[in-house]
Amino acid sequence: MARKSKLNLLELYSEENKDQIYENVFAEIESFELPLGTSLRSVYDDQPNAHQRFMEKLDACIRNHDREIEKMCNFHHQGFVDAITELLKVRADAGKLKVQVTDTNRRLQDAGKEVIAQTEEIIRCRIQQRNITTVVEKLQLCLPVLEMYSKLKEQMNVKRYYSALKTMEQLENTYLPRVSQYRFCQIMIENLPKLREEIKEISMSDLKDFLESIRKHSDKIGETAMKQAQQQKTFNTVLQKQNNVNYGKNMYVINGRVPEPKYEITSKRTLEEEDEHEEEVLTAHDLVDFSPVYRCLHIYSVLGDGETFENYYRKQRRKQARLVLQPQSSMHETVEGYRRYFSQIVGFFVVEDHILHVTQGLVTRAYTDELWNMALSKIIAVLRTHSSYCTDPDLVLELKNLIVVFADTLQGYGFPVNRLFDLLFEIRDQYNETLLKKWTGLFRDIFEADNYSPIPVANEEEYKIVISKFPFQDPELDKQSFPKKLPMSQSVPQIYIQVKEFIYASLKFSESLHRSSTEIDDMLRKSTNLLLTRTLSSCLQNLIKKPHIGLTELVQIIINTTHLEQACKYLEDFITNITNISQETVHTARLYGLSTFKNNNNDHAAMSGKVAQTACMSACQHLSTSLMQMLLDSELKQISMGAVQQFNLDVIQCELFASSEPVPGFHGDTLQLAFIDLRQLLDLFMVWDWSTYLADYGQPTSKYLRVNPSTALTLLEKMKETSKKNNIFAQFRKNDRDKQKLIETVVKQLRSLVNGMSQHT
């Protein structure tokens with residue numbers, strides 16, 4: 001029961017809840033709240049007959065609203081009727097008003113047409129004005145861009161490329177960003193890189209033209225630079241000479257007279273020429289237009305490609321340097337060839353020095369030093385090769401002067417040139433060799449032209465002329481009256497003059513070498529010693545071998561040699577006056593060469609004051625030479641030991657004759673020395689002392705010092721041929737074979753010595 005009551009209560013509660021839901025749905029429908037899906041969905045629940053009950057509730061609600069509407073209409077009906085009545089009364093007045101309004105509107109429309117037309121014109125003008133203002137504003141933005149671009153084109157046309165690049169920078173950074181929305185700006189932006197490339201190509205083309213130009217003008221630039229360096233050096237030399245109070249001490253006598261100071265005349269003339277042409281001094285910048293380099297460097301720097309330009313420039317200049325350093329094959333034939341070669345090199349490095357000082361980074365000091373070191377090695381090699389072809393001392397001297405000017409010029413630009421002056425010492429030796437060859441001819445001509453009779457002098461004037469050429473002093477002869485004869489022949493003063501001329505010629509090379517007076521003095525003395533010991537001595541030796549030289553001529557030659565030997569001290573004084581270096585100086589070389597005047601072809605004393613001694617010595621020497629030539633005669637193919645022994649007996653007889661003092665006046669074994677070469681050679685073969693000879697060869701204490709390896713080899717080969725055929729006795733076959741092997745071994749060693757001598761020579 002209780003449960004049933006509880007169920008009834010639930011049903012009652014459910015019914016009340018349903019009614020409330022329906023009321024809510026109806027309220028939503030009446031309020032037109034959308035969507036109604038949720039509310040309608042709540043109506044159709046799981047309860048049965050829900051739809052029917054909802055429809056019943058809906059019909060009841062509609063009936064309630066109909067009753068309310070009817071009540072409302074009944075309440076307002078009278079008011080509605082009254083309103084209709086009033087509206088009918090107003091209709092007539094509304095018609096009149098409509099007519100009036102229509103007429104007024106017509107008149108107003110007619111009157112406003114002109115206003116409308118003017119208004120439209122004003123509107124159109126205002127639009128145009130606004131458009132014009134806009135255009136002006138845009139043009140004000142665009143005109144600077146166009147002006148800058150026009151300026152850029154003009155700069156390109158007049159080849160002001162660096163300014164054009166600056167204009168491009170302004171366009172890109174300042175002007176074009178303001179009007180980047182316009183199509184013509186895009187075209188400009190696309191053209192600017194092309195213009196830059198065009199500028200780079202044009203600049204590079206100008207640079208190539210410049211490089212070709214300086215290649216052509218290098219010799220002119222170098223010639224001008226060397227000329228200026230020479231003029232400056234001459235000017236400094238003149239000032240130094242004028243300020244040197246001891247200048248008069250350096251004057252020396254040539255051929256009995258004081259030479260004119262030619263350098264003063266030359267220097268004065270040079271100074272006058274410098275004054276006249278002072279305004280004509282040209283520099284590398286005057287001869288070559290360097291603007292392409294500056295322009296190209298600036299352009300590539302602005303474009304951020306300076307390193308590429310720097311590498312290209314240096315690469316091309318290195319190529320040009322190699323071309324400049326390559327001499328012509330015939331350069332050594334004339335001084336002009338050397339001058340052109342030096343001018344081109346100087347011009348090249350003058351240009352590089354100019355570039356170094358007017359640009360930043362394009363050429364560095366390290367780069368120029370590296371290039372100069374490379375060039376200097378090549379120059380030295382070229383000069384060493386080509387100077388070796390020179391046989392004319394005058395050409396060698398001119399080459400030396402060119403090298404000095406060349407070195408001084410480049411030293412003035414900061415390039416080290418010590419190696420060039422070291423090279424000059426090598427060339428100096430070659431110069432001395434060419435001088436010696438030249439003086440050999442001069443001495444030969446003097447000897448050929450001499451009559452080998454005392455010099456006759458008819459009066460005091462002739463006597464002074466002779467002694468002005470040669471320092472001759474003889475108090476006894478001075479007491480004699482004229483005419484008289486001087487003891488020497490004409491060749492003596494001529495030889496003396498030529499020796500002094502040689503010293504002058506040697507001195508010319510020593511000038512401007514930046515060496516001390518002591519070094520120059522040493523050079524002069526050494527070269528003079530070579531002239532005396534080698535050249536003059538050789539000419540004398542050849543002279544006495546000539547067949548037309550008899551005893552009379554030989555006696556005169558002895559007298560001449562004696563006077564030349566006595567004149568040695570005057571030559572030393574002559575060198576001292578030139579260099580101002582005292583003979584007592586520790587390092588001063590002595591003129592020892594004149595003591596060799598008395599030597600013959602075997603370098604032994606044979607020129608005494610007595611004709612008999614001279615004749616006897618000459619005879620012994622001639623005999624010794626003839627015997628030696630007989631042994632070494634090429635027609636003599638073979639020689640046996642027995643023949644050598646017999647030959648030795650013959651030489652012993654000659655030595656016995658020499659030791660018997662056939663002519664008084666010989667001291668000790670002097671005369672026997674004529675056969676010393678033969679004696680040592682024969683002793684070597686008689687004793688068969690090859691081990692001692694080979695072991696002591698080249699030592700001053702050698703027992704066989706005067707045996708020449710080539711002489712011993714020739715004689716040994718003759719004996720070798722004989723030994724090969726001397727195999728008659730069978731019992732001696734082994735001994736002969738051992739001896740043959742020994743000969744072959746000695747022959748090989750002698751050939752080695754001979755080859756070593758030839759290579760050393």
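Let me begin by describing the structure that accompanies this report. (Residues numbered from 1 in each chain as written. Predicted model: local features only at pLDDT ≥ 70, side-chain atom pairs only at ≥ 80, totals over all residues. Heavy atoms only, no water.)

Structural notes on the packing of helix H16 (residues 491–510) against helix H19 (residues 568–579)
Consideration 1: At a minimum axis distance of 11 Å, the contact between H16 and H19 shows a crossing angle of 30 degrees. Classified by the angle between their axes, H16 and H19 sit roughly parallel to one another. Crossing hand, H16 versus H19: right-handed. Between H16 and H19, the residues in contact are Tyr496, Val499, Lys500, Ile503, Tyr504 and Leu507 and Tyr570, Leu571, Phe574, Ile575 and Ile578, respectively. (Axes fitted to C-alpha atoms, helices over the stretch in contact; angles between N-to-C directions. Helix = DSSP H or I, 4+ residues; strand = E, 2+ residues; numbered from the N terminus. Parallel < 35°, antiparallel > 145°, perpendicular 65-115°, else oblique. Left-handed = near helix turned anticlockwise from the far one by under 90°. Contact = heavy atoms within 4.5 Å.)

A few points about the nonpolar core
Consideration 1: By size, the foremost hydrophobic cluster in this structure holds 106 residues, and its most contacted members are Phe342, Trp372, Ile379 and Phe406.
Consideration 2: A domain-level breakdown of this core finds at least three residues from each of domain 1 (290–415) and domain 2 (434–605).
Consideration 3: With residues up to four places along the chain from it excluded, the contact list for Ile379 reads Leu325, Tyr341, Ile345, Trp372, Phe406 and Leu420.
Consideration 4: Within the second largest apolar cluster, 36 residues are counted, among which are Met628, Leu713, Ile743 and Leu750. (Core = buried A, V, L, I, M, F, W, Y, C linked by side-chain atoms within 4.5 Å. Buried < 20%, exposed > 50% of the residue type's maximum accessible area, 1.4 Å probe, protein only. Domains from an automatic or database assignment.)

Points about the environment of Cys390
Consideration 1: Locating Cys390 in the fold gives a position in the loop between helix H11 (365–387) and helix H12 (393–412).
Consideration 2: Residues contacting Cys390, with those up to four places away along its chain left out, are His332, Tyr338, Leu395, Val396, Gln430 and Thr434.

Points about the packing of helix H10 (residues 335–358) against H11
Consideration 1: Orientation of H10 relative to H11, taken along the N-to-C sense of each, is 175 degrees, at an axis distance of 11 Å. When the axes of H10 and H11 are compared, the pair comes out roughly antiparallel. Listed contacts from H11 to Tyr338, Tyr341, Phe342, Ile345, Phe348, Phe349, Glu352, Asp353, Leu356 and His357 of H10 are Arg365, Tyr367, Thr368, Leu371, Trp372, Ala375, Ile379, Val382, Leu383, His386 and Ser387.
Consideration 2: Here the residues of the contact of H10 with H11 are counted per class, giving 14 nonpolar, 4 polar and 3 charged. (Nonpolar A, V, L, I, M, F, W, Y, C, P; charged D, E, K, R; others polar.)

Remarks on the pattern of salt bridges
Consideration 1: Here the structure, examined in full by the defined rule, presents 22 salt bridges.
Consideration 2: Salt bridges sharing partners connect three or more residues here, namely Asp103, Arg106, Arg107 and Asp110. (Salt bridge = Lys/Arg side-chain N within 4 Å of Asp/Glu carboxyl O.)

Description of unusual backbone geometry
Consideration 1: The amide bond that connects Phe482 to the next residue, Pro483, takes the cis arrangement and shows omega of -5 degrees.
Consideration 2: Inspection of the secondary structure assignment puts Pro483 in the loop between helix H15 (475–479) and strand E2 (484–486).
Consideration 3: Of note, Tyr452 is a non-glycine position whose phi angle comes to about 55 degrees, a positive value.
Consideration 4: Along the chain, Tyr452 turns up in the loop between helix H13 (418–449) and strand E1 (455–457).
Consideration 5: Although it is not a glycine, Trp688 sits at a positive phi angle of roughly 60 degrees.

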